[in-house]
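Spelled out from the first residue to the last, the chains are:
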Amino acid sequence: MTGEVTMPIQLDARIPTGPIEQAWDNARFEMKLVNPANKRRHNLIVVGSGLAGGSAAATLGELGYNVKCFCFQDSPRRAHSIAAQGGINAAKNYQNDGDSIYRLFYDTVKGGDFRAREGNVYRLAQNSVHIIDQCVAQGVPFAREYGGTLDNRSFGGAQVSRTFYARGQTGQQLLLGAYQALERQVDSGQVTMIPRTEMLDLIVVDGQARGIVTRNLITGKLGVHLADAVILATGGYGNVYYLSTNAKGSNATAIWRAHKRGALFANPCFTQIHPTCIPVSGDYQSKLTLMSESLRNDGRIWVPKQKGDKRKPDQIPEDERDYYLERKYPAFGNLVPRDVASRNSKAVCDEGRGVGETGLGVYLDFSDAISRLGVETIRERYGNLFDMYQRITDEDPYKVPMRIYPAMHYTMGGLWVDYQLQSTIPGLFVLGEANFSDHGANRLGASALMQGLSDGYFIIPYTIGNYLASAKPKPVKLSDPAAQAALAATEQGVAKLLSIKGKRTVDSFHRELGKIMWDDCGMSRNAKGLEEAIGKIRALREEYWQNVNVPGSGDDLNQSLEKAGRVADFFELGELMCIDALERNESCGGHFREEYQTPDGEAQRDDEHFSYVAAWGWTGPGNPPELNKEPLEFAYVHPSQRSYK
Amino acid sequence: MRVKLTIWRQKNPATQGKFVSYPVEVANGEMSMLELLDVLNETLIEKGEDPIAFDHDCREGICGMCGFMINGVAHGPMPATTICQLTMRHFKDGEELVLEPWRSAAFSFVKDLVVDRRAFDRIIQAGGYISISTGSAQDGNNIPVGKEIADRAMDAAACIGCGACVAACPNGSAALFTGAKIAHLGILPQGKPEEDHRAVRMVAQMNVEGFGSCTNIGECTGVCPKEIPLEVIAKMNHDYLLGAWKERKEVINAIAPVTDWTFEGK
């Protein structure tokens, strides 16, 4: 694609030079500081209250900034980080099993299939150890050994035990830690929490991000909030697929509208399909439920060797079962990374060996672990997950193997940010899943929590000061033409959606879009399918703007209207995901292009042509997006064919 | 299978509410209560009627956003289950299900099945935390916590803040919610320094919000989707008594409850 509208942007990732071990220390030393008396003169906006947003708002409040934090739910404690189950990685090496910061860094770069920035990942591994300390001090009830020390478990893509956990509710407990720190700042007056409010536009004044346009979801009132910098921590865009493990409210509107104001969107096609979710059961299905990756510590994945074998699992003898991950990947076995596990599940189901009524499922079997460790140990480790599985499926996983199938789970792509987590709009910072930065083309398990908290607790508090002290944002007024124009445009957008009053509901469009995305831009992709998908999305979007029915008005709680705006953005983002997937003529991590695979069906990277971050620019409605490239350099972990054999 | 949903419809706190009945077809037993409402809402929108407003988000029983009464029971008939995970196989063909919002003086009404639970956030603001700023923590393993203590703390920390305990309590008490946080933090060594002060402030805030007093009925723990044990209330009372005696303060400053949605001030 050529840039007819604007010149390609020179992307400066601001990665510090020098040895990687000292890079973050050096960068912090070189950053400008804001003195304590001046901090209280700065107003900051944080959108989102999950692990990244909550920890950022709390920490910035502790430092003395005036912070406004926004979330669309009724309380910041509801953010979807809360649903993370398995754990959080940290290079503590408490287990004395060979872990180190360097090894976590190495595993993450390799796990991401060499499409992440080395500098960012190294810093993430360094911060991981501080995160555990901070969370313990906050009272997060991590699992303990009898002697009182912290316990660990293993996760996919690693051969060491470095995952800290709180039963199967690690995300909940870490989020409550951040939430409590946040509420402490609300109590002290440093943070103003604004719930049930969503961001609908970004206000850019003289090239700097200076505020947001919001809609109060209870009163419907639109508002303008101004600040010296804006921090987006609004999570990922997995709900483009309609069915995903994301919360129903998770959406891309904040980052997408910032994209339309000039923030580049990086690697949109890098999405993660999680291998262990409860299979789909019917057309009414509203979301997919994850079964934690930690289950693969003790569960063994298998399907019948024979196609169409409809016998019950306990009637299939051992020698007629195919433990395909253990067979193909003896070194990592059931703990291969997520992209590899998902693709293999799909492959055996495509061969006709899938289980369950739909044939889209594989067994996750705990019978060996139960006979080895006893029911009680298994109950202690996974009790709440087994209960959840039983509640949904009415089957007892202590007796019958679980049935699982891959589902859309996480998005590695997101707004492009530099090493300081600043987007291409000065003063707009992006944290957590909303940015693209650390996981490359595939995220390892238990690393999302790590990244969210690293960004919020330990990176933004430094980099925001550096920005404020160097950019010195000037005073800005509510009457500023840019603020008023953004408000007026938002008003028109809301009115437009309400005025169509067509025949189809928002959800029916969303389901149809999700199906296109899952079929053609899901677990495996090819050029023909992607080209067709782009056409179908465009046609469906056109119909949407003619025929969607958003009931009610804009002046009260109107959940259909909230969804309508979000789905409108998903159409545009979905198209960009397909364009990005089509442009990247290689397979890497979660992006599997059928045309590019090794003879034994593994992802075939093309480092010569695609070792870059694809950062797309918005060029106006209907115009082709503009591709900017940030080349990736690997000075420490040398790109190789990923092998988990 | 078909069920009759009799649902509380009320546009806003200023208007009169009433029950309206809707027959709904249940596709299969694996369908959740909220998915049944989704299906009903789709048909309402197609008919040009207002869909039913209800709070929900994660739909896997952990965010605490969803919740309403089904036939007078908070989160419906299944123990340890939020309504988003309540599957329809537990109901009979032709059954009538009456859906009502949480009713409590401290949870002001918003719309249909939606209420305002910000009082819970203010209870947490009143000391429901350990005061440790980012960066000042020591090594995690320097604070040994026995497994039994860690497990007890986790039992209490599992609270999802949904509000079922308040809705179920004949007194509208928030003792289980407040006690859960006091117990979670108070039994861990990290939470000990603020143990007394925390209980005194959080209880004062609970009272200011208009929650009722606890009379140990136990309905709260019965409906709690996370089965928070009643003992957390004993722990709260213990810490409160001891804390009030040690602190000997005449006046405890509570946070002023806010019920409007203007987000002005502060």
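Throughout this description, residue numbers start from 1 for each chain and increase along the sequence as written. Written order decides the labels, with chains lettered from A and ligands numbered from 1. Since the coordinates come from a predicted model, pLDDT governs what is reported: local features require at least 70, and pairs of side-chain atoms require 80 or more to be given and counted, while whole-chain, interface and lining totals use all residues.

What follows is about the overall build of chain B. Going along the chain from the N terminus, every DSSP run of H or I of four or more residues is numbered as a helix, and every run of E of two or more is numbered as a strand. Counting secondary structure elements, chain B contains 8 helices and 7 strands. Against the globule reference of 18 Å for 266 residues, chain B gives a C-alpha radius of gyration of 20 Å, in line with a compact fold. Principal-axis analysis of the C-alpha atoms gives chain B an extent of 60 × 40 × 40 Å. In chain B, which comprises 266 residues, the share counted as buried stands at 52%. The size measure is the radius of gyration over C-alpha atoms, and the globule rule it meets is 2.2 Å times the number of residues to the 0.38 power. The burial criterion counts other C-beta atoms lying within 10 Å of a residue's C-beta, which is placed from the backbone; the residue is buried at 20 or more, exposed at 12 or fewer, and partly exposed between these limits.

Along chain A, the regular secondary structure elements total 17 helices and 19 strands. Expected size for 645 residues packed as a compact globule is a radius of gyration near 26 Å; at 24 Å, chain A falls within 12% of this value. Seen along its three principal axes, the alpha-carbon backbone of chain A occupies a region of about 75 × 60 × 50 Å. Expressed as a percentage of the 645 residues in chain A, the buried residues total 60%. Contact between two residues is assigned whenever their backbone-derived C-beta positions fall within 7 Å. A separation of at least 24 residues holds for 74% of the contacts in chain A among residues at least 6 apart in sequence.

All names here are of chain A. Axis definition: a line fit to C-alpha positions, over the contact stretch in the case of helices; interaxial angles, taken between N-to-C directions, run 0 to 180 degrees. Interaxial distance between helix H5 (residues 118-138) and helix H12 (residues 448-471) falls to 9 Å at its minimum, and their mutual angle equals 80°. Considering the angle they form, H5 stands roughly perpendicular to H12. In this structure, H5 uses Leu124, Asn127, Ser128, His130, Ile131 and Gln134 to contact H12, whose residues at the interface are Met450, Gln451, Leu453, Ser454, Tyr457 and Phe458. Residue type decides the class: Asp, Glu, Lys and Arg count as charged, Ala, Val, Leu, Ile, Met, Phe, Trp, Tyr, Cys and Pro as nonpolar, and the leftover types, Gly among them, as polar. Here the contact of H5 with H12 is composed, by residue class, of 6 nonpolar, 6 polar and no charged. The cut-offs work like this: below 35 degrees is roughly parallel, past 145 is roughly antiparallel, 65 to 115 is roughly perpendicular, and the gaps in between are oblique.

This paragraph deals with the nonpolar core. Residues and elements named next belong to chain A. Working definition: the nonpolar core is a set of buried Ala, Val, Leu, Ile, Met, Phe, Trp, Tyr and Cys residues, joined through C-beta atoms within 7 Å. In terms of nonpolar packing, the biggest core is built from 280 residues, with Ile231, Leu232 and Leu415 touching the most fellow members. For this core, the leading source of residues is helix H16 (residues 559-583), giving 13 residues. Once residues lying within four places of it in the same chain are set aside, the contact partners of leucine 232 are Val47, Gly48, Ala254, Ile255, Ala258, Leu428, Val430 and Ala434.

It is worth spelling out the domain arrangement of chain B at this point. Residues and elements named next belong to chain B. An automatic or database domain assignment is the source of the domain bounds shown. When its domains are assigned, chain B resolves into domain 1 (2-110) and domain 2 (118-247). Relative to domain 2, the C-alpha centre of domain 1 lies at a distance of 29 Å. On the domain 2 side, the residues contacting the 18 residues of domain 1 number 17 residues. Classifying every residue of the side of domain 1 that touches domain 2 by side-chain character gives 10 nonpolar, 7 polar and 1 charged.

This part is about the sheet that holds strand S8 (residues 222-226) of chain A. Residues and elements named next belong to chain A. Strand order in the open sheet made by the 3 strands is S6-S7-S8, with antiparallel pairing throughout. Looking at which strands have only one partner, the edges of the open sheet turn out to be strand S6 (197-205) and S8. The average undirected angle you get between the axes of adjacent strands in this sheet is 25°. One bridge is not enough; two strands pair if DSSP finds at least two bridges between them. In terms of strand pairing, strand S7 (residues 208-216) meets S8 through 5 bridges, oriented antiparallel. Opposite glycine 211, over in S8, you have leucine 226 as the bridge partner. Of the strands in this sheet, S6, S7 and S8 are in contact with helix H13 (residues 481-500), which crosses S6 at around 140°.

Moving on, we get to the environment of proline 625 of chain A. Structurally, the position occupied by proline 625 of chain A is in the loop between strand S18 (612-617) and strand S19 (626-631). Through-space distance from the C-alpha of proline 625 of chain A to that of aspartate 580 of chain A is 9.7 Å; in sequence the pair is 45 residues apart.

All names here are of chain A. What the 4 strands build is an open sheet, ordered S16-S10-S18-S19; its pairing is antiparallel. Sheet topology places strand S16 (414-415) and S19 at the edges, where each strand pairs with a single neighbour. Set on the sheet, H16 makes contact with strand S10 (265-266), S18 and S19; between it and S18 the angle comes to about 145°.

Take the domain arrangement of chain A next. All names here are of chain A. Per the domain assignment, the segments of chain A are domain 1 (274-409) and domain 2 (481-626). One C-alpha centre belongs to domain 1, the other to domain 2; they are set 31 Å apart. Taken together, the 6 residues of domain 1 in the interface contact 5 residues of domain 2. Take the side of domain 1 that touches domain 2: its biggest share by element is 5 residues, from helix H9 (residues 338-350). Of the residues contributing to the side of domain 1 that touches domain 2, the split by class is 2 nonpolar, 1 polar and 3 charged.

With that out of the way, let us pick up the interface of chain A and chain B. Contact with chain A, which involves 69 residues of that partner, is made by 71 residues of chain B. A total of 9 residues in the side of chain A that touches chain B trace back to one element, the largest contributor, which is helix H6 (residues 170-188) of chain A. Counted by class, the side of chain A that touches chain B contains 23 nonpolar, 28 polar and 18 charged residues.

Further remarks concern H5 of chain A. Residues and elements named next belong to chain A. When the terminal C-alpha atoms of H5 are compared, their 30 Å separation across 21 residues agrees well with the 30 Å that a helix rising 1.5 Å per residue should span. Of all bends in H5, the biggest is about 30°, found at serine 128. Most of H5 is tucked away, with 19 of its 21 residues classed as buried. One or two steps after H5, the chain reaches glycine 139, where phi turns positive at roughly 95°. In a helix, the anticipated span is given by 1.5 Å times the number of residues less one. Two axes enter the bend calculation: one fitted to the seven residues ending at the residue in question, the other to the seven starting there, and the bend is the angle between them.

Before going further, it helps to examine H6 of chain A. Residue and element names in this part refer to chain A. Along its 19 residues, H6 runs 27 Å from first to last C-alpha, staying within 8% of the 27 Å computed at 1.5 Å per residue. Where burial is concerned, most of H6 is hidden: 17 out of the 19 residues are buried. Once H6 ends, the next one or two residues include glycine 189, with phi positive near 90°.

Below, the discussion takes up the pairing of strand S15 (residues 402-411) of chain A. All names here are of chain A. Burial of S15 is extensive: 10 of the 10 residues sit out of reach of the surface. Here strand S14 (residues 362-365) pairs with S15 via 3 bridges, running antiparallel. Counterpart to valine 362 in the pairing with S15 is isoleucine 404.

Residues and elements named next belong to chain A. Located in the positive-phi region is phenylalanine 114, a residue other than glycine, with phi close to 55°. You can see phenylalanine 114 is positioned in the loop between helix H4 (101-111) and H5. The class of phenylalanine 114 is buried, set by 22 C-beta atoms lying within 10 Å. Unlike most non-glycine residues, alanine 446 shows phi in positive territory, near 70°. Using a count of 29 C-beta atoms within 10 Å as the deciding quantity, one classes alanine 446 as buried.

All names here are of chain A. When you tally the buried positions in S6, you get 8 out of 9 residues, the bulk of the element. As paired strands, S6 and S7 are joined by 8 bridges and run antiparallel to one another. Bridging from a neighbouring strand, aspartate 201 pairs with valine 213 of S7. Here S6 hands over to S7 after 2 residues, with aspartate 206 in that stretch at a positive phi of 50°.

Moving on to the packing of helix H6 (residues 195-208) of chain B against helix H8 (residues 231-247) of chain B. Residue and element names in this part refer to chain B. Contact geometry for H6 and H8: axes closest at 8 Å, N-to-C directions at 105°. By the angle between their axes, H6 is roughly perpendicular relative to H8. Contacts between H6 and H8 involve Glu195, Asp196, His197, Ala199, Val200 and Val203 on the former and, on the latter, Met236, Asp239, Tyr240, Leu242, Gly243, Ala244, Lys246 and Glu247. For the contact of H6 with H8, a count of residues per class yields 7 nonpolar, 2 polar and 5 charged.

We now examine the environment of lysine 246 of chain B. Residues and elements named next belong to chain B. Its place among the elements puts lysine 246 in helix H8. Note on lysine 246: 12 C-beta atoms within 10 Å, which makes it exposed. As for lysine 246 and aspartate 196, which are separated by 50 residues in sequence, their C-alpha atoms are 7.8 Å apart.

What follows concerns the environment of glycine 574 of chain A. All names here are of chain A. Summarising the element assignment, glycine 574 is placed in helix H16. Separated by 49 residues in the primary sequence, glycine 574 and asparagine 623 have C-alpha atoms spaced 15 Å apart. Discounting residues that sit within four places of it in the chain, glycine 574 has contacts with Val240, Leu513, Met517 and Ile537.

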